[in-house]
Amino acid sequence: MAEPETSAKIIDGKAYAERLRAQVGRDVAQLKADYKLQPGLAVVLVGEDPASQIYVRSKGEHSLAAGMHSVTHRLPADVAQAELLRLIGDLNTDPAIHGILVQLPLPKGLDERQVLAAINPDKDVDGLHVVNAGRLASGLPALTPCTPAGCMILLRETLGDLTGLRAVVVGRSVLVGRPIAQLLLQADCTVTIAHSRTRDLAAVCREADILVAAVGRPRMIRGDWIKPGAAVIDVGINRVPFDDPVKAAAGKTKVVGDVDFKEASRVAGWITPVPGGVGLMTVAVLLQNTVTAARRLAGID
Ligand code: NDP
């Protein structure tokens, strides 16, 4: 009998994201009914990066669908730093706006750190302000970066209690790797953060009950790096040419993760697909963070 292609259970990010967006929609309706409070999200897009345009459109559409107030500010790539900071200052004091997200990466010439630092931490729904990063690292309530928070929802829904599990996070970026590691630590996992200088990465990965890949290298993590039965969370979004030589020759590309899905799904217990896994959770958590920010700013428990 032919060996089945997949033994791992697929973690269906689409279904969990739909469920979370529906919950956010109910929360928004309740805030409107009980407090006449409509959570508002402002997204700032600088320049015309095609991927960023798609993400920003999706954020705007989903926030409107959840019943929120939604504004998108589009600025040219050559906007002056001072003008961008002025816009953020205005949004910081706008009572209709509870969440501010500046789509990254910013075009060259703009100081990303200074821009993120200018956002009111209480409206920092992307969770990238140092105040929120520091709060997260200190175990205090914080607005948490959306993709890491989405990964934690998937893990909790899949595995339940994570106490005592060995977790390995490959990648140490401020956006993904570090905050995921902090959240796993808060969930009482024993956490290792691996990176480009880690020795014998394959052996480190094989220790993981939970393996999170946030590297940005297509299919880098191979099947024999994975402990049998582990939960594999693939954050990577990488564009690669199609395997089909005709499509590849036509310049067509597809999206793959940092994990070799075919190999890994023969060994893992659970795995997120790419696309269809983590990526869909990011926007859903952004909406949830905006509701949280609106509640806190209004002093609602
Ligand atoms: P960064 O480039 O900021 O960080 C990559 C990390 O991977 C670094 O810490 C780097 O190590 C590490 N790394 C690079 N090469 C290796 C290697 N050969 N072995 C071990 N570690 C390595 O990327 P991001 O964290 O921003 O993003 C990671 C991936 O997640 C990307 O594919 C991105 O597109 C995707 N992503 C997906 C999102 C979603 O919504 N699903 C949201 C955000 C990102 P070092 O620090 O030593 O350089």
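Since the model is a prediction, treat every value here as computed from it, not as a measurement. Every chain begins its residue count from 1, and numbering advances along the sequence as written. In keeping with the model being predicted, local features are shown solely for residues with a pLDDT of at least 70 and side-chain atom pairs are shown and tallied solely at 80 or more, while totals for entire chains, interfaces and linings include all residues. Only heavy atoms go into the side-chain values, all of them from the structure, while hydrogens and water stay out.

### Some thoughts on helix α7 (residues 177-186)
Because the α-helix completes a turn every 3.6 residues, residues three or four places apart line up on one side. To keep it simple, the criterion reads: Three exposure classes are used, based on accessible area relative to the maximum for each residue type with a 1.4 Å probe and protein chains only: buried under 20%, partly exposed in between, and exposed over 50%. The helix and strand labels rest on DSSP assignments: H or I over at least four residues marks a helix, E over at least two residues marks a strand, and numbering proceeds from the N terminus. Every residue pair with non-hydrogen atoms within 4.5 Å of one another is taken to be in contact.
When we look at burial in α7, the residues that qualify are G177, P179, I180, A181, L183 and L184. Buried residues along α7 sit in contact with α5 (130-137), α6 (146-159), β5 (166-170), β6 (190-194) and β7 (210-213). Within two residues after α7, D188 carries a phi angle of roughly 70°, on the positive side.

### Thoughts on the packing of aromatic side chains
For clarity, the threshold we go by: To pair, rings of Phe, Tyr and Trp, with the six-membered ring standing in for Trp, must have centres within 6.5 Å; the planes then decide the type, stacked if under 30 degrees apart, edge-to-face if over 60, and tilted in the middle. By definition, being over a ring means that NZ of Lys or CZ of Arg is both within 6 Å of the ring centre and within 35 degrees of the ring normal.
Applying the stated rule across the entire model yields zero aromatic pairs. Across from the ring centre of F242, 4.7 Å away, lies the NZ or CZ of K247, which sits over that ring.

### Observations concerning the site of the ligand
Our working rule: Any residue with a heavy atom positioned within 4 Å of a molecule or strand is treated as near that molecule or strand. Pairs of N or O atoms within 3.5 Å make up the polar contacts considered here, provided that, within protein, one atom can donate a hydrogen while the other can accept it, and that residues adjacent in sequence are counted only when both atoms are side-chain atoms. With residues, only the protein chains shown are counted as cover, and all accessible areas are computed by Shrake-Rupley using a 1.4 Å probe. Residues are grouped as follows: Ala, Val, Leu, Ile, Met, Phe, Trp, Tyr, Cys and Pro are nonpolar; Asp, Glu, Lys and Arg are charged; every other residue, Gly included, is polar.
Inspection of the region around the ligand gives 22 residues, with R172, S173, S196, R217 and T282 positioned closest. At 2.7 Å, a side-chain N or O of R217 approaches a nitrogen atom of the ligand. When the free accessible area of the ligand is taken as 930 Å², the share hidden by the protein chains comes to 70%. When residues of the shell around the ligand are assigned to their parent elements, the largest contribution, three residues, is made by helix α11 (residues 278-297). Looking at the shell around the ligand, its residues break down into ten nonpolar, ten polar and two charged.

### Quick notes on the sheet that holds β7
Definition in use: Strands qualify as paired when DSSP identifies two bridges or more between them. Note on geometry: axes are C-alpha line fits, over the in-contact stretch for helices, and angles between N-to-C directions span 0 to 180 degrees.
Spatial strand order, β1-β11-β8-β7-β5-β6: six strands in an open sheet with parallel pairing. The open sheet has two free edges, formed respectively by β1 (9-10) and β6, since each of these has just one partner strand. Examined bridge by bridge, β5 and β7 share four bridges and lie parallel to one another. Directly across from V168, in β7, lies its bridge partner L211. Contacts between α7 and the sheet are confined to β5, β6 and β7, with β5 contributing the most and set at about 170° to the helix.

### Considering the nonpolar core
So the rule is basically this: Put simply, buried Ala, Val, Leu, Ile, Met, Phe, Trp, Tyr and Cys residues joined by side-chain atoms within 4.5 Å make one nonpolar core.
L184 and V235 are the most contacted members of the largest nonpolar core, which totals 51 residues. The set of elements that each furnish at least two residues to this core consists of α1 (13-35), β2 (40-46), α6, β5, α7, β7, β8 (231-234) and α11. With nine residues, the top contributor of residues to this core is α11. Sequence-distant contacts of V235, that is, excluding residues within four places in its chain, are made with T147, C151, V176, I180, V212, A213, A214 and V278. Counting residues in hydrophobic clusters, the runner-up holds 20 residues, among them A194, C205, W225 and V259.

### Brief notes about helix α3 (residues 81-93)
Note the cut-off: Given the number of residues in a helix, its expected span is that number minus one, multiplied by 1.5 Å. Note: the arc covers the axis-to-C-beta directions of the helix.
Under the 1.5 Å per step criterion, the end-to-end length of α3 is 19 Å for 13 residues, consistent within 8% with the ideal 18 Å. Residues of α3 that are buried include every one of Q81, L84, L87, I88, L91 and N92, and no others. Buried residues of α3, seen end-on, are gathered within an arc of 145° and therefore sit on one face of the element. Exposed and oriented more than 90 degrees from the buried face of α3 are R86 and T93.

### Considering the sheet that holds strand β4 (residues 99-102)
Reading across from one edge, β3-β2-β4 is the order of the three strands in this open sheet, with parallel pairing throughout. Only two strands of the sheet have a single partner each, and these edge strands are β3 (69-75) and β4. Taken over all neighbouring pairs, the strand axes of this sheet differ in orientation by 15° on average, direction set aside. Bridge analysis of β2 against β4 gives four bridges, and the strand direction is parallel. Residue pairing for β4: V43 is matched across the bridge by L101. Helix α2 (residues 50-65) rests against β2, β3 and β4 of the sheet, and its axis sits at about 165° to β2.

### Observations concerning the pairing of β6
Put simply, the rule reads: When the strands point away from the viewer and the connection leading from the first strand across the helix to the second strand turns clockwise, the crossover is called right-handed.
Pairing geometry for β5 and β6, over five bridges, is parallel. Paired with V170 across the strands is A194, a residue of β6. Since β5 and β6 lie parallel, the crossover through α7 that links them has a hand, and here it is right-handed.

Coordinates in, geometry out; function isn't part of it.
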